[in-house]
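Chain residues, written in single-letter form:
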Amino acid sequence: MIRAILQSNTGLDAQLHCMNRRIPAAIGANGVTLHKIEGDHATPVGILPLRRVFYRADRVAAPVCRLPVEPLSPHDGWCDDPAESDYNQYVILPHAGRHERLWRDDHVYDIIVVLGYNDSPPVRGRGSAIFLHLPQTGGRPTEGCIAVPESDLRHLLEMGLSEIEVLPPGMTR
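Labelled according to an unreviewed UniProt entry, the chain appears under the name L,D-transpeptidase family protein, originating from Novacetimonas hansenii.

A. Layout of the pattern of salt bridges. This structure, assessed with the given rule, holds 12 salt bridges. For Glu 165, the salt bridge goes to Arg 3, with nearest N and O atoms at 3.1 Å. Linking Glu 165 in strand β14 (residues 161-166) with Arg 3 in strand β1 (residues 2-7), this pair joins segments that are 162 residues apart in sequence. For Arg 52, the salt bridge goes to Glu 70, with nearest N and O atoms at 3.6 Å. Remark: Glu 70 occurs in strand β7 (residues 69-71) and Arg 52 occurs in strand β6 (residues 46-55); sequence separation between them is 18 residues.

B. Just the sheet that holds strand β9 (residues 90-92), in detail. Read across the sheet, three strands follow the order β9-β8-β10 without closing on themselves; strand pairing throughout is antiparallel. The open sheet is flanked by β9 and β10 (99-101), the only strands paired with a single partner. For this sheet the average axis-to-axis angle between neighbouring strands, irrespective of direction, equals 40°. In this structure, strand β8 (residues 76-79) lies alongside β10, joined through three bridges in antiparallel fashion. Bridging from a neighbouring strand, Cys 79 pairs with His 99 of β10.

The rules behind these values
Residues numbered from 1 in each chain as written. Predicted model: local features only at pLDDT ≥ 70, side-chain atom pairs only at ≥ 80, totals over all residues. Heavy atoms only, no water. Salt bridge = Lys/Arg side-chain N within 4 Å of Asp/Glu carboxyl O. Helix = DSSP H or I, 4+ residues; strand = E, 2+ residues; numbered from the N terminus. Pairing = 2+ DSSP bridges. Axes fitted to C-alpha atoms, helices over the stretch in contact; angles between N-to-C directions.

Structural data, given as C-alpha cells:
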C-alpha cells in the first residue's frame, strides 16, 4: 500500500508528498475542509482510497496500474445531484438529474481516478465527484478534486498509489 499525503494552505499551493517526492497539486478553490458540502469548492479532509481509473483512449494511452482501468465514452457521467438516488455514482448519459460529463473538451479528464469519498454509502449533500485528475491550463484550482501533472499521475499509478491522505489546514507530517 502506498499512501500520498496532501498538504495545503490554499487551492494554489498544495503539494502531494509521496515516495520522497513533492508533486505540485491543485485542489479546491476554497482549500481543504473537514465538513464538505456539495458545491463548496473545497477538497475533503481524510483518507481517500483510489477506486478505479477512466481515461480518454482517443487521446492518451491507458495508465499502467493495479486498479480497474476503463476507457471513457461520450455517454459517461457522474451524478452530483443530492436529490437523485444515484448521487455520487457513475451514470450513463443522458441522465435526468444534475450530473458531470466525464467526456470533456479540455484535457482535465484525459485520465481520471475515482477517489473513495462519500461513497460507502453516499450521504446526500456531503459532496460528490471527488477525483484525482489532470490540472487545468494555467494551474487554476479545482472544484474540490485533486489535480497533478500527467507524468506524475502516471508514475504514482504505476508505483501502486492506493490512497491519498488529505490533511486538515495547517497540519503537516
